[in-house]
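Working through the structure, step by step
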Amino acid sequence: MRSAWRAAALTILIGAGTLIALRACAGPFHLGSIAINSPLNVEGAFALVFVAVLLLKGSLGVKESGSQGVGIADLVWGAAVLAVIVAVFWKSLWFPLLSDDYILVTQATHAAGSMWKPFVEAGGDGPYRPIGYALLLASGKWGHTDAFRWHAISLAVHAANSVLVYAAARYAVKRCDVAAICALIFALHGTRPEAVTWTAGRFDVFAGLFALAGLLLFLHYYESGKLVFAVASGLMVAAAIMSKESAYVFPVLAVAFVAAGRGTAPWRYGRLLTTLIVPVLLLAYRFVLFHGPGGYIDPHTGSAQILSVRLLPSLKALFPRYWAAMVFPIDWAQAPAFFLTAAIVLLMVCLIVLCVLRTSLDRTTAWILVACTIATVLPAFHLLAIGPDLLGSRILYLPAVAFALLLSMWIGSVKRTTIARVVAVGVVLFHAAALTHNLGVWDRVSALADRTCVAAAPGLTNAPSAAILGIPVAIDGVSFFANGFAECVALHSPAPPASWIITHVEGTVPGSTASRVLVWDGRTNTLSSPHVE
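Here is what the cut-offs are and how they apply
Residues numbered from 1 in each chain as written. Predicted model: local features only at pLDDT ≥ 70, side-chain atom pairs only at ≥ 80, totals over all residues. Heavy atoms only, no water. pLDDT = per-residue confidence, 0-100. Contact = heavy atoms within 4.5 Å. Patch = residues over 30% accessible without salt bridge, like charges linked within 9 Å, V, L, I, M, F, W, Y side chains within 5 Å. Areas by Shrake-Rupley, 256 points an atom, 1.4 Å probe, with all protein chains shown as cover. Salt bridge = Lys/Arg side-chain N within 4 Å of Asp/Glu carboxyl O. Helix = DSSP H or I, 4+ residues; strand = E, 2+ residues; numbered from the N terminus. Core = buried A, V, L, I, M, F, W, Y, C linked by side-chain atoms within 4.5 Å. Buried < 20%, exposed > 50% of the residue type's maximum accessible area, 1.4 Å probe, protein only. Pairing = 2+ DSSP bridges. Axes fitted to C-alpha atoms, helices over the stretch in contact; angles between N-to-C directions. Phe/Tyr/Trp six-rings, centres within 6.5 Å; stacked < 30°, edge-to-face > 60°. Lys NZ or Arg CZ within 6 Å of the ring centre and 35° of its normal.

Turning our attention to the confidence of the model for the chain. In the predicted model, the chain carries a mean pLDDT of 88, and the fraction of residues at 70 or more is 89%. When the criterion is pLDDT under 50, residues 60-64 qualifies, and its contacts beyond four places in sequence or with other chains add up to 17 contacts.

See the structure below:
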């Protein structure tokens, strides 16, 4: 029975993999009466079957553990992780600002009032991120309106986060090879652009910095029992949660890393429970501050979005779509180049090989890691309907830590070392290729946004009011001008309009009484004056 199930699962993997490869090579196509426009559902099927196979084939024994000492190899691996990050991301330092970036940069450079105000007041759009906003203001002291400086700050923090992922995995698993794979998957995951290269997504990156520092401190506390590590970890977790709400998942990350390195040792439940103290206290304070859970407001109900979720769409987002975005983090809005197509095929071959080979990862640990990978996204599961263009994927920044640990543990548990190394290289190469592809989309769209704003600014100078009709919210999965157009024009005009009307539905009829009217043309991707007949 088990053999038949595995044969069926491998058949599904090969069939789904073939469809994904065909979509990458040939673009959208038809399979009989079925149109394969977006590979999202096929990716979800591949990812879920892959996870299921590895869960059910896991060993009943205990995984092997590596050496505990830290030496020159760790320094080499840490430097290698940083070098790879620089090699892949360096061009993004020159990307222009986008959308909400202009609002945040303007606020940071013209901030007034007490730095303590965000700590005792709810955010205007629902979040409670006083540390995040304090760091925003501090960044503005150096960044001003220079996009390069803002990107440099975010990239530096992301690089630090990747090193912290390596350090936490190394401390937990006691194997530098597994730690390196984990850090590289996290650093190069294709969902990184929205969190790292978009200044408005930097809250996830800073929350990650404090959460990962707190995780490393907690692992020291869990092993040694020294209270000073617990206190320091709690402070870091508090800073993480006050940077962004995604850090409420810290206890889940702690369970994942403890499980990964536990071996035959018994669980120290008392020490694990200490990870709940800070999140529970801050959650209680949040409910008092917001008179409820807070967060983004559903415009249809007037209540928090997290309270307006529906069961079936949520399950679809949490399983096929979430796992599709984790395993295949590709922006399909732009056709994959040959290098990415080859990398996709390489990834699928590597994952199928993992399903076939014997591994030493015990089944209990595997189930815990999968459960933790799912649980890390629960605070934002109402925002999880991520499409094939990866719009909104910044919420996967911290969940990618658990996913990277899960995948690196599976790769590291392959008993044939040479094949494990080949699989590891293949997986890392895929993520580097996917990230390069996705950054290319961000480069193109951010340049278009910059040209659009700069070109419009002279014609809007000295106008009392302006109407911008039909400008897109996002293009190819990249935020365009859902917000921030007025602030962008203000940076490029000595006398920008004081009054604005901005709509986002293309084809809007120019009926505004504004003194200047510009209409978006989706064919040429430009703003122009309306034609008068």
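After presenting the structure, the write-up continues.
Here we take up a nonpolar patch on the surface. There is a patch of nonpolar side chains on the surface, built from Leu48, Leu312, Leu315 and Phe319 and spanning about 340 Å² of accessible area. With respect to the helices and strands, Phe319 occurs in helix H15 (residues 311-327).

In this section: the nonpolar core. Within the largest apolar cluster, 180 residues are counted, with the highest numbers of intra-cluster contacts made by Phe46, Phe50, Trp410 and Phe485. Not counting residues up to four positions away in its chain, the partners in contact with Phe50 are Leu13, Leu351, Leu354, Cys355, Leu407 and Trp410. Within the second largest apolar cluster, five residues are counted, among which are Ala467, Leu469, Ala514 and Val517.

This paragraph deals with the sheet that holds strand E8 (residues 526-528). Ordered by their spatial adjacency, four strands build an open sheet running E6-E3-E7-E8, and the pairing between neighbours is mixed. Looking at which strands have only one partner, the edges of the open sheet turn out to be strand E6 (499-502) and E8. Put simply, the sheet's adjacent strands are angled 20° from each other on average, direction ignored. Two elements, strand E3 (residues 465-469) and E6, share four bridges in a ladder whose sense is parallel. Residue Ala467 lies in a different strand from E6, and its bridge partner there is Ile501. Sheet contacts for helix H19 (residues 417-460): E3, E6, strand E7 (516-521) and E8; angle to E7, the most-contacted strand, approximately 155°. In this fold helix H20 (residues 485-492) packs onto E3, E6 and E8, with an angle of close to 135° to the strand it touches most, E6.

The next thing to look at is the packing of aromatic side chains. The geometry of an aromatic ring pair comes down to the distance between the two centres and the angle between the two planes. Per the stated rule, a full pass over the model turns up 19 aromatic pairs. Between Phe480 and Phe481 the ring centres are 5.3 Å apart and the planes differ by 70°, which places this aromatic pair in the edge-to-face class. Each member of the pair, Phe480 as well as Phe481, carries the same accessibility label: buried. Site record: aromatic cluster; members linked through ring pairs are Tyr102, Phe480, Phe481, Phe485, Trp500 and Trp520. The residue whose ring lies beneath Arg268 is Tyr222, and the NZ or CZ to ring-centre distance is 5.6 Å.

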